[in-house]
Structures are given as structure tokens and as C-alpha cells.
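# Breakdown of the fold
Next come the chains, spelled out residue by residue.
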Amino acid sequence: MSTVGSSGTRGAGGGLDARGASATLEPDPGTAIGRFLSDGWIATRRNLMKIIRVPDILVFTLLQPIMFVLLFTYVFGAAIDVPGGYTSFLMAGIFAQTVVFGSTYSGSAMAQDLKDGIIDRFRTLPMNGAAVLVGRTNGDLVINGLSMLVMMGTGWLVGWRVESSVGGFLAGVVLLLLFAYAFSWLMAFLGMSVRSPEIINNVSFLVLFPLTFISNAFVPTENLPTPLRIFSEWNPVSALVQSARELFGNVPAGTPVGDAWTAQNPILTVLIGISALLIVFVPLSIAKFAALGKK
Amino acid sequence: MPFIEASELVKTYTPKGAPVVRALDGLSLQVPQGTVTALLGPNGAGKTTTVKVLTTLISPDSGAAVIDGVDVLAEPERVRRMIGASGQYAAVDENLTGFENLEMVGRLYHLGAKRAKARARELIELFDLVEAQNRVVKGFSGGMRRRIDLAGALVINPPVLFLDEPTTGLDPRSRLALWDVIESLVSGGTTVLLTTQYLEEADRLADSISVIDGGRVIAEGTADELKASVGGQRVALTLVDADETEVVRGILQRYGSGEAVPSNEGKTWVVPVDDGPTALGRIVGEVTAAGLQLHDAGMRRPTLDDVFLQLTGHAAADAGTDEKGAA
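Residues numbered from 1 in each chain as written. Chains lettered and ligands numbered in written order. Predicted model: local features only at pLDDT ≥ 70, side-chain atom pairs only at ≥ 80, totals over all residues. Heavy atoms only, no water.

Chain B is annotated in an unreviewed UniProt entry as ABC-2 type transport system ATP-binding protein of Microcella alkalica. The UniProt entry for chain B carries this comment under Subcellular location (unreviewed entry): "Cell membrane". (UniProt positions renumbered as here; feature names shortened; annotations may be inferred.)

The name recorded for chain A in an unreviewed UniProt entry is Transport permease protein, from Microcella alkalica. A UniProt comment under Sequence similarities (unreviewed entry) is attached to chain A, and it reads "Belongs to the ABC-2 integral membrane protein family."

From N to C terminus, chain A includes 11 helices and zero strands. Each principal axis of the C-alpha atoms in chain A carries an extent, and together these give about 85 × 40 × 35 Å. Across the 295 residues in chain A, those meeting the buried criterion constitute 50%. The contacts in chain A between residues at least 6 apart in sequence include a share of 79% that link residues at least 24 apart. Taken as a whole, chain A presents about 13100 Å² of accessible surface, with 69% of it coming from carbon and sulfur. Charged side chains of chain A number 18 positive and 16 negative; the gap between the two group centres comes to 11 Å. (Helix = DSSP H or I, 4+ residues; strand = E, 2+ residues; numbered from the N terminus. Buried < 20%, exposed > 50% of the residue type's maximum accessible area, 1.4 Å probe, protein only. Contact = heavy atoms within 4.5 Å. Areas by Shrake-Rupley, 256 points an atom, 1.4 Å probe, with all protein chains shown as cover. Lys, Arg positive; Asp, Glu negative; His and termini not counted. Charge placed at Lys NZ, Arg CZ, Asp CG, Glu CD.)

Turning our eyes to something else, we now look at the interface of chain B and chain A. Between chain B and chain A, the residue contacts involve 63 residues of the former and 48 residues of the latter. Interface of chain B and chain A: buried area, both sides summed, is about 4900 Å²; carbon and sulfur atoms make up 54% of it. Viewed at the interface, chain A and chain B are joined by five salt bridges. The interface formed by chain B and chain A includes 19 residue pairs in polar contact (both at pLDDT 80 or more). Among the secondary structure elements, those contributing two or more residues to the side of chain B that touches chain A are β1 (4-13), β6 (83-87), α3 (98-108), α4 (112-126), α5 (142-153) and α6 (172-186) of chain B. (Buried area = accessible area lost by both parts, 1.4 Å probe. Salt bridge = Lys/Arg side-chain N within 4 Å of Asp/Glu carboxyl O. Polar contact = N/O pair within 3.5 Å; in protein donor to acceptor, adjacent residues only side chain to side chain.)

Take the pattern of salt bridges next. The final tally for this structure, using the stated rule, is 17 salt bridges over all chains. The salt bridge involving K47 of chain B is made with E165 of chain B; its shortest N-O contact spans 3.4 Å. On the criterion of sequence distance, the pair formed by K47 of chain B in helix α1 (residues 47-54) and E165 of chain B in the loop between β7 (160-164) and α6 is long-range, its members being 118 residues apart. Across the pair, exposure class does not vary: K47 of chain B and E165 of chain B are buried alike. Salt bridges sharing common partners tie together R45 of chain A together with E103 and R107 of chain B.

All right, on to the nonpolar core then. Nonpolar side chains in soluble globular proteins generally cluster together in the buried interior. In terms of nonpolar packing, the biggest core is built from 120 residues, with F95, F122, M148 and L176 of chain A together with F127 and I209 of chain B touching the most fellow members. Of all the elements, helix α6 (residues 166-193) of chain A adds the most residues to this core, at 15 residues. Those residues within four positions of L176 of chain A in sequence are excluded, and the remaining contacts are F95, A96, V99, M148, L240, A244 and F248 of chain A. (Core = buried A, V, L, I, M, F, W, Y, C linked by side-chain atoms within 4.5 Å.)

Our focus in this paragraph is the UniProt feature "transmembrane region" (unreviewed entry) in chain A. All names here are of chain A. Residues given the UniProt feature "transmembrane region" (unreviewed entry) here are residues 57-80, 86-105, 141-160, 166-187, 199-219 and 267-291. Note that residues 57-80 is 83% helix and 0% strand, and that its end C-alpha atoms are spaced 32 Å apart. The span residues 141-160 is 85% helix and 0% strand, and its two end C-alpha atoms sit 23 Å from each other.

Quick look at the structure:
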């Protein structure tokens, strides 16, 4: 068992006179912007440390995408016939599904931090509240980036190739990550609105699982029953998947594309979606954080 | 002028499907500079809510709070530059090491990387955590965790310190040790508001005690003043067995001047008396005559427990038994 200090430290002369003669430490001079960036970096760093320290996150981030790529390629690949081969068709779908699910981590982690009292600790400090959210969503961005790397490596091993250009490839990666980043802000908002992290996990599973599956992510949609086909054509996940396919050059002639406007203009749809998510949920989340003590 | 001043704080909550809870019901409080005030009360009395208002975590429905002339509600950012908070609600990050936690807090006070690191090292030494500094907090013992938490509150040497139940849940030895630490901190001139359910903790650490119950301060003063306000002597008995509760109660009520109060699972009894020696003699005689075995019997001056009981009509949570272990 540990002891705190030594027993002979009572009184003014003790070695534990923490305030001692020294005065209160003043902050470094700095601008509001500089402090915001610094706070954002410190909050991000904290979330990155957690990725390294908590094995569950790392396993979820790295192993699950590998498993999905292999399962879908070898289990469904034999049964689903699409132009250009199933692996080529599949990869954009896996990318989209993985990063969308990766973004939900912002929600459950935010709820967990609130529950654990870390957020209250932050709120007694003179840090910028919005920086907590920036750190949170940045953390997801890094997790999603890692997942993407692992998936691309695995995909390459099972035969997936980028058939566009370096520019197309980079644009595809950025679009996927940016969409996921914007989605993280929505999730962070939800994370502050619920009572427990489990609610976020359950609800996001119940909503996102159908949303990602009733889309063009894993199967061509033209043979789906009509209501599901219409749903999947308008599904934003389909637009994200289609955008990535186009940018990676994974859309060989004969690949079916839906009639909906969003299916015809997938990249524009995703850009609008990203903007809308950010415009709505960045200010909403910051306001929600600032109002945490007001309820 | 008091350094910390809270006036007429009211905070209500409405839990789902339940009547309104008045967590704070007109609480007022003054802490002079360089002194330690303890908020003493059972769970749910409003202690933590008070500290949360003063540390800018929640806004009261009405009332005012001022720290060193700064309005807490109007200028929370300025307040955050001069307070340190530690306790139940303001946690440390379990996935960071002790050192990383302190460094992070320093950075978020905007000390800059160099000073934040230097201060973290200083505090690690001060709190005797050198060996554990590079281990993640998740593996810390309760006492170590409290130390790192307390260290986090001291990063900028704040002039005002809020300690919310600093020793709750600690084993008696760690609690004694933490008391030493807090005592040496306050000797440096920091103004401290601490909350506790432990009467003995308030007695030992605080210059002034505010007893709170139902979201209000129901009494305040030094430990001695509060004890004197209850007045009179008490007879205390400890029985070997706790069998004949009603017999004991009957005897004590007959010779006592007030309510007989059991504790320690009915083995220990305390009753206020007018004439100590006479009452003690008669009580011991009757209890023995009733065939009950006494472990201990004697007169004593009122304790803060008695004060608390008299003021609130109920005991200070379950702090009593726990506290004796620490003493």
C-alpha cells in the first residue's frame, strides 16, 4: 500500500508546501487562435494516445476491415457477378461502410468522456470548449485513416487495383475521409445528447447497419425489390460508394447506375452532404458543449 | 471581503417522472482568503452541486457567486484561470500516465510545453509518484489516483482550490496520508473549499465548517463552536452483543435528557445527559442488572456527529463507522 508524502510534512516548513513562495503560474502570452489550435492539438493527442493504449480500438480499427475484405471477397465474391469482378466492385463499399462506422466512435467516446468526468475536468480549465470536439473528431479521422490504409493493403493483396490516376485515387481517399469526418460531428453531437455510450452504440448499429447494407456497397441494386431499390438509389451511402468507385476507376462499362439524381451525380451529392453536415453540426455541437452546465 | 462568496444559490432538477429536486435551496457561503472551509453534509445535501457552481461547471437557476471579485456566472473564463478543482466529478484520464495527465492539464492552462513538463515533474515528486509516473492511471490504487487528481488541481498553484470529497472511498491509511498533504497545502496560503461526509475530516482540516442539508447551510462555525452549540455531556455505551435493543433504549431514555442513538449495528449507544456521573452510574447498574455485557462505558463531550444529528435529525450517512476506522 502506498502512503502519501511522508508524515513529517505538516506545517509551513514541510516539503509538501506546494504553493510555497511561488506565485500562481500565469499563462504564456498567446492569441485566441493560437490557444485554440494548441488546445485542439492537446485534445487530439489525448485521443491518439487512447488508440495506442486501448487494444480494443486498435483491433476494431485494423482487424475488422481485414476480416470484412476477406469475408466479402471470398464468401460473396463467388456468388455475385458484376462487370470487372466482385473485388473491384466491393472495395469502395467496404471503405464507405468502415469509415461511416468508424465515425460513430466520436459519439460513444464523447458520451463515455462525459460519464467518466474527463469533460468536467476540461470544463474547469481555461481551455477552448470547441477544441475538445475538434480533438474528438480528429481522433476519428486518424482511426479512419489507419483503417483505410489497412483495407487498401488487404484489398491490393486480394486483387483490388486503382484503375484511375493518382489524382483520382487521392480524391477518392479524401472524399471518404472528409465525409466520415463530417459525420463524426453529427455523432459527437449525439454523444452529448444521450445518457450512456451504450445507447450510441446500439442506435448507430441499428440505423447504420441497414443504411450501409441497403445500398450499392455490397451488391448491385437493380434486382432489389422496388421499395428497397428506390431507397438504395437515394441512400447517401450509395452516393459515397459510387463516388469512390468512380474516383478509383472501379466502374467498368456495364456497371449498373441508378436513375435517382443522387445516383447520377454522386460526387456532387457527397460534397453537398459533407457541407450540410459540417454547417449544421459543427455550430450545433459547439453550442451543445457550451450549454452542458445549463440544463 | 470574503474570497469566495456564494449568495442565495438555487438549483433545481426535474428527474423524469419525478417531482422537482431542489439540489440547492438558497445556499449562501463565505470563505475568507487563506482559510479552509468544509461543506459538511450527507449524500445529496448539495455539496457537489455547490462546488460545481463555483467551478463554473453548472449555472444556478438563481443566486450569485463571486471569487476574488470575479463574477463566476458572468466571467467563467477568468475564474478558470485562478481555480484548481479536484474530486469525484473532475476525473483524470485513465489511459494516460500520471505524468501525461499533469502535463496535459498544464498545457490546457496554456503554460506551454516546457513549463507544463517541468511543473508535472515537480508535482510528481511532491506527491511521491515518481515510480508510478510512467504507468497508466488505470492501474493506480485508489490513493495514488487521488494524489494524481489532487496534483492536477495544483498545476498552476491556484489561489483557490476546490476539493470535492477528497478522501471518499480511500482506506483509512491513505486517508490519513492525504490529510497530511492537504494540511501542508493549505499552510501555504491557498483558499480552500472542501466537501466531505466525514465529520472527522472537517474537524481536522477546516478553519470553518458549514453544515448543509437539503441544499441549505443549516449551521456554520468552527468545530468547537458547533460542538458547544449542542452543549452538555453524553453517556456512551458499547455492548458485547446487540441483542436487547429495546431494553437498552428504555434504560437510556429513562436517565438521559434526550434521544438515545444507536450506531455500530446497535452495539454502541449515545445519549445526552444532564448530570453525567450520576447518570453513568445508574445506566451501567441497570444495564448490568438486565444481564447485558458491557464492553465499554463512559462520559464524553459532544462530537461533530452529535452536532450533525441534532441539526439534521439524521446521522451523517454511513460515514460514522467508516470514519472510526480512520481515526
